[in-house]
Amino acid sequence: MASVTTSDSLLPADEHQQQLLELVRPLAAVRCPVEQSRGLRLAEQPKAQVDSPPFTNSAMDGYAVRSDDLAELPATLTVTDDLPAGARPTQSVEPGTAQRIMTGAMLPDGADCVVPVELTDAGTARVAVAEVVEAGQHIRRQGEDVVVGTGIGQAGQLLTPTVVASLVSLGVAEVSVTPAPRVAVISTGDELIESGSDLAAGKIFDSNSVLLEGLVSQAGAVCVIRASVNDEVENLRRVLTAASAEADLIVTAGGISAGAYEVVKQTLAESPGAWFGGVNIQPGKPQGFGLVNDVPVVTLPGNPVSVLVSFWLFVNPMLRRLAGAEMPVPERVSAQIADSVAAHSQRVRWQPAIRNGHSVVQPLPKGGSHMLSKAVGADCLIEVMPGESLPAGSHVNVMDFGIRP
Ligand code: AMP
Ligand code: MG
């Protein structure tokens, strides 16, 4: 990898994305109790340990019978047993008899169908059946959903609540997963003060570290450190070193552009493997990365909307790769815009917008990259090519965050 690179020409966003992705590999797989695996990704495909359903059972509350006994209706059968869910039948259903059975209870031998209670007189000693029921009706067959030994899901798949519950039902007690990436977020700047402090002249509240902590968590990773440091190289170096012992990825905000006190650049730019330059996007042009004790540090610019855009363009794909996703860069979706969107003359603009899963997206009001309130509620970014004219109704490419804010 190139050492210090300072380029006047702007790097396309996908090239920056790729150079960042080269810094990370999926984390080593660990075994995890299945009920604690939600939100992680499968590192290996688990196999069903039991059939589903594990035994043939009743789909209705009613009577387990032999369908031959219903050849002539009405039929009256002797009720020989009562089978609640969870019970093991002790006798088979002989001709002329029935067993009262509840939904989910194991079907006794001899029976080949269940008569729903609604089609009977609901008798307890003898039951009269008024309507025909065919062999196989109202029965859930062993293994009709999944047969033991079947592979479930695939490596890289996200363990959603339905996947986890389905694995539990198939007797999978432990899964091999890629752990959640541990992330340290560090905001930088002499002007920053913590939320809740008095706002002294010249200071601003540190919203970036809070924003990044939230974005990291929404992306399924764990924020292990949230810190804010002033513009002194020694301080930043100390916090970066501490963070490198606890995190798989470090994300900084601020201190990388063209000012006189660019603490992140001053701290990292001379180190091997670092890159600082401009990326062809707006907002978020200044970007960079470095390594601290082999832990990648992604350095984002300081303006809050730039942080938001840079996070989804550059940090999220790294988190996805660390977490074992097959496709680290989520596919763009196409959508229509409800209102016109302005282009930048030279750079690709990423306009925060609200999609909410719909095919028509609502661009948020255009604002400067310091105006975080204009990006509130964004769940996607609209890609706007340089100089492009995009009146309302235009078709656009959208990067959906895949989360609902
Ligand atoms: P910088 O990239 O450090 O020059 O910062 C660019 C702009 O973002 C400046 O106006 C900063 O005051 C602002 N900024 C930097 N860090 C933060 C932060 N943590 N929270 C809010 N605004 C910030
Ligand atoms: Mg700064």
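Residues numbered from 1 in each chain as written. Chains lettered and ligands numbered in written order. Predicted model: local features only at pLDDT ≥ 70, side-chain atom pairs only at ≥ 80, totals over all residues. Heavy atoms only, no water.

**Section: the overall build of the protein chain**
Counting secondary structure elements, the protein chain contains six helices and 24 strands. A compact globule built from 405 residues should have a C-alpha radius of gyration of about 22 Å, whereas the protein chain, at 30 Å, is more than 25% larger. With 405 residues in all, the protein chain has 47% of them scored as buried. Contacts in the protein chain between residues far apart in sequence, at least 24 positions, make up 70% of those at least 6 positions apart. (Helix = DSSP H or I, 4+ residues; strand = E, 2+ residues; numbered from the N terminus. Rg over C-alpha atoms; globule rule 2.2 N^0.38 Å. Buried < 20%, exposed > 50% of the residue type's maximum accessible area, 1.4 Å probe, protein only. Contact = heavy atoms within 4.5 Å.)

**With respect to the layout of surface pockets**
To find the voids left in a structure, one rolls a probe of water-molecule size over its atoms. Reported here for the largest pocket is a volume of approximately 630 Å³. Lining the largest pocket we find 27 residues, and of these Arg41, Leu158, Ala219, Arg320 and Gly402 sit closest to its centre. In terms of residues, the lining of the largest pocket owes the most to one element, helix α6 (residues 304-322), which gives four residues. Counted by class, the lining of the largest pocket contains 15 nonpolar, seven polar and five charged residues. Put simply, the second largest pocket is a space of about 470 Å³. Thr188, Glu191, Gly254, Gly302 and Asn303 are, among the 27 residues lining the second largest pocket, the residues nearest its centre. Of all the elements in the fold, those that place two or more residues in the lining of the second largest pocket are β11 (182-188), β13 (204-205) and α6. By residue class, the composition of the lining of the second largest pocket is 10 nonpolar, 13 polar and four charged. (1 Å grid on protein atoms, 1.4 Å probe; cavity = no way out; pocket = protein on both sides within 12 Å on 5 of 7 lines; lining within 4 Å. Points joined across faces, edges and corners; volume = space filled by probe spheres on them. Nonpolar A, V, L, I, M, F, W, Y, C, P; charged D, E, K, R; others polar.)

**Description of the sheet that holds strand β10 (residues 174-178)**
Read across the open sheet, the three strands follow the order β1-β10-β2; overall the sheet is antiparallel. Two strands close off the open sheet at either side, each with one partner strand: β1 (30-33) and β2 (41-42). For β1 and β10, the ladder comprises four bridges, and the chain directions are antiparallel. Within β10, the position partnered with Pro33 by the bridge is Glu174. (Pairing = 2+ DSSP bridges.)

**Here's the deal with the packing of helix α1 (residues 13-21) against α6**
Between α1 and α6, the shortest axis-to-axis distance is 9 Å and the interhelical angle comes to 35 degrees. Along this stretch, α1 crosses α6, giving a crossing that reads as right-handed. Together, Ala13, His16, Gln17, Leu20 and Leu21 of α1 and Leu313, Phe314, Pro317, Met318 and Arg321 of α6 make up the contact between the two elements. Its residues placed into classes, the contact of α1 with α6 shows seven nonpolar, two polar and one charged. (Axes fitted to C-alpha atoms, helices over the stretch in contact; angles between N-to-C directions. Left-handed = near helix turned anticlockwise from the far one by under 90°.)

**Topic: the packing of aromatic side chains**
What the rule picks out here adds up to three aromatic pairs. A ring pair is formed by Phe311 and Trp312, whose centres lie 5.1 Å apart and whose planes are at 90 degrees; its orientation type is edge-to-face. This pair shows no difference in class: Phe311 is buried, exactly as Trp312 is. Seen in terms of ring centroids, Trp312 and Phe401 are 4.3 Å apart; in terms of plane orientation they differ by 10 degrees. Their pairing is stacked. Of this pair, Trp312 sits in helix α6 while Phe401 sits in the segment after β24 (395-400), placing them 89 residues apart in sequence. For the residue pair Trp312 and Phe401, the accessibility class agrees, reading buried in each case. An aromatic cluster of three or more residues is present, and its members are Phe311, Trp312 and Phe401. (Phe/Tyr/Trp six-rings, centres within 6.5 Å; stacked < 30°, edge-to-face > 60°.)

**Focus on the confidence of the model for the protein chain**
The predicted coordinates of low-pLDDT regions are not to be read in fine detail. Residue-level pLDDT values for the protein chain average 95, and 98% of them are 70 or greater. Every residue in residues 1-7 is under pLDDT 50, and counting partners more than four places away or in other chains gives 15 contacts. (pLDDT = per-residue confidence, 0-100.)

**A few points about unusual backbone geometry**
Residues other than glycine predominantly adopt negative phi, and peptide bonds predominantly adopt the trans conformation. Looking along the chain, the bond that leaves Ser52 and enters Pro53 is cis, with omega of -10 degrees. Relative to the elements of secondary structure, Pro53 occurs in the loop between β2 and β3 (57-58). Of note, the bond from Gln282 into Pro283 is cis; its omega dihedral lies within 30 degrees of zero at 0 degrees. Inspection of the secondary structure puts Pro283 in the loop between β17 (281-282) and β18 (286-292). A positive phi angle, close to 70 degrees, is found at Asp294, a residue other than glycine. In this fold, Asp294 is placed in the loop between β18 and β19 (295-300). Classification of Asp294 as exposed rests on a relative accessible area of 70%. Residues other than glycine seldom take positive phi values, yet Asn356 does so here, at roughly 55 degrees. Structurally, the position occupied by Asn356 is in the loop between β21 (348-354) and β22 (360-363).

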